[in-house]
Amino acid sequence: MKIKSTEFVISAVGPSQYPEGDLPEVALAGRSNVGKSSLINKMLLRRNLARTSQQPGKTQTLNYYMIHAELGELFFVDFPGYGYARVSKSEREAWGKMIERYLREREPLKLVLQLVDVRHPPSADDVRMYEWLSHYGIPMIVVATKADKVSRSQWPKHLKVIRQTLGMPGHVPLVLFSSETGQGRDELWSLIAQAAGLPLKSPSEPPNIAQETEDNG
């Protein structure tokens, strides 16, 4: 996916603030500090478009990022992180209602990326979010972040734990991702483009001769 430009659009708390139009939207959900901002920055090849923070629970709105790609446009929608104990119960309830309303009513929503930390088994909050998305039939991809923090030989073991803990059937994609190395970026863009109805390359785009030579070597 070739990105032409990106921009932060709005921090929304309700439907009246959502962008108008029908551009596809991809939402990002996960626990606080799971790496949502880092993933956005890596996916868009921007260093600080989405601000990372050492203060969990800082994001309290639905943050819209506009993506102008060579073959289409879409939004990333960053959710508040869940599972942070220092956020008051009333705040958590308000965020929950805001997110639930968005997920159930927002027609341009095409996909949810649920981020989990590959180093640890999914939390009870992760399981609840996964089960909620599954119950309502919302298309999703589970993204296991921080792959660079685990040795390559341990990846299969950790991914198996994630699938078993969440109860993921084989058809639900599980993408291993690292915002440090770019691991999983191309795979994730391919899945996002498919869900959003965007082509990965122009039909008139010439073939990659080097790749074809390697494949046929």
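The paragraphs below set out a description of the structure included in this document. All values reported here derive from a predicted model rather than from experimental measurement. (Residues numbered from 1 in each chain as written. Predicted model: local features only at pLDDT ≥ 70, side-chain atom pairs only at ≥ 80, totals over all residues. Heavy atoms only, no water.)

Another point: the overall build of the chain. Secondary structure summary: the chain contains six helices and seven strands in total. Going from N to C terminus, the chain has its helices and strands arranged as β-β-α-β-β-α-β-α-β-α-β-α-α. When burial is assessed residue by residue, the chain has 45% of its 217 residues classed as buried. Look at the contacts in the chain between residues 6 or more apart in sequence, and 73% of them connect residues 24 or more apart. Counting every atom, the chain has about 11,800 Å² of accessible surface; 47% of that belongs to carbon and sulfur. (Helix = DSSP H or I, 4+ residues; strand = E, 2+ residues; numbered from the N terminus. Buried < 20%, exposed > 50% of the residue type's maximum accessible area, 1.4 Å probe, protein only. Contact = heavy atoms within 4.5 Å. Areas by Shrake-Rupley, 256 points an atom, 1.4 Å probe, with all protein chains shown as cover.)

Our next topic: the packing of aromatic side chains. By the definition in use, this model includes seven aromatic pairs. The interplanar angle of 85° and the centroid separation of 5.4 Å between the aromatic rings of Tyr-64 and Phe-75 together place this pair among those described as edge-to-face. Here Tyr-64 is found in strand β3 (residues 62–69), whereas its partner Phe-75 is found in strand β4 (residues 72–78), with eleven residues between them in sequence. Of the two residues, Tyr-64 and Phe-75, neither departs from the other in class, the shared state being buried. The interplanar angle of 50° and the centroid separation of 4.5 Å between the aromatic rings of Trp-132 and Tyr-136 together place this pair among those described as tilted. Relative accessible area serves as the criterion here: at 34%, Tyr-136 is assigned to the partly exposed category. (Phe/Tyr/Trp six-rings, centres within 6.5 Å; stacked < 30°, edge-to-face > 60°.)

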